[in-house]
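Listed here are the chains, written in short residue letters.
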Amino acid sequence: MNQLEFIQLINPFKSKVFRLAKRLLVSTEEAEDASQEVLIKLWNKKEDLNQYKSIEAMAMTMTKNFCLDQLKSKRASNLSLVHSDYGSRDASLLQKVEDIDSLSWVERIIKELPEQQQIIIHLRDVEHFEYEEIAKMIDMNETAIRVALSRARKTIREQISKTHNYGIK
C-alpha cells in the first residue's frame, strides 16, 4: 500500500479519530498528538490492514485505548474528560448563553458517569456509531452496550429532573 492509498483509506474517518480524542482529552494539542499516534500506528500496519473488517472501528479502538492510557499516565493529572460541541448558529445571544450553560451542565453530569458509560454516550450520541460497531471497539456485547447507554441516559435525565424540580417548589 502506498501513501496515496493509505490517505484515501483513512480520510473518511480521521476526523472522527480526532473528535474522539478531543472528547477524551481536554487539550486540542493532546488530541492532535493522539490522532497522529493512531495514524502512525495504522501506517506501520498498512500491509496488514486488509485483514480487518472495519479499519475505522480498529482506529477508533486504538484512539480510545491511547487516550485512556494518556489519562492514566503521570501526565493525566492535567487532563480531564470534556465535550464542547455547542449549539445553533442562528439562535439569539441569550439562547446561545443558555445553550452553553445547559451543555456545560450536561457535561458535568456526564463527567460523573462511569468511564465506560461516558465512552458509550460519546460513541453513540456524538459520533453516531451503530451498536455493533461500538461493541467491536470496546469489546462488549451489544446488549451490554444498550443497557449501559440506557442507564447513562436515565442518570442524565434524573439529574436534569432533580435540578429543574429543585428550583420549582
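First, a word on what this report is: a plain description of the structure on this page.

### What to know about the overall build of the protein chain
Each helix and strand in the protein chain was counted, giving seven helices and zero strands. Starting at the N terminus and walking to the C terminus, you meet the elements of the protein chain as α-α-α-α-α-α-α. Expressed as a percentage of the 169 residues in the protein chain, the buried residues total 37%. Counting contacts in the protein chain only where the partners sit at least 6 residues apart, residues at least 24 apart contribute 62% of the total. Looking at the protein chain as shown, the accessible area adds up to about 10,700 Å², and 49% of this sits on carbon and sulfur atoms.

### Overview of the packing of helix α1 (residues 3–24) against helix α5 (residues 115–126)
Between α1 and α5, the least distance of the axes is 11 Å, while the angle of their chain directions is 145°. The crossing of α1 and α5 is right-handed. Within the contact between the two elements, α1 uses R19, L20, R23 and L24 and α5 uses Q118, I119, H122 and L123. The class makeup of the residues in the contact of α1 with α5 is four nonpolar, two polar and two charged.

Here is what the cut-offs are and how they apply
- Residues numbered from 1 in each chain as written.
- Predicted model: local features only at pLDDT ≥ 70, side-chain atom pairs only at ≥ 80, totals over all residues.
- Heavy atoms only, no water.
- Helix = DSSP H or I, 4+ residues; strand = E, 2+ residues; numbered from the N terminus.
- Buried < 20%, exposed > 50% of the residue type's maximum accessible area, 1.4 Å probe, protein only.
- Contact = heavy atoms within 4.5 Å.
- Areas by Shrake-Rupley, 256 points an atom, 1.4 Å probe, with all protein chains shown as cover.
- Axes fitted to C-alpha atoms, helices over the stretch in contact; angles between N-to-C directions.
- Left-handed = near helix turned anticlockwise from the far one by under 90°.
- Nonpolar A, V, L, I, M, F, W, Y, C, P; charged D, E, K, R; others polar.

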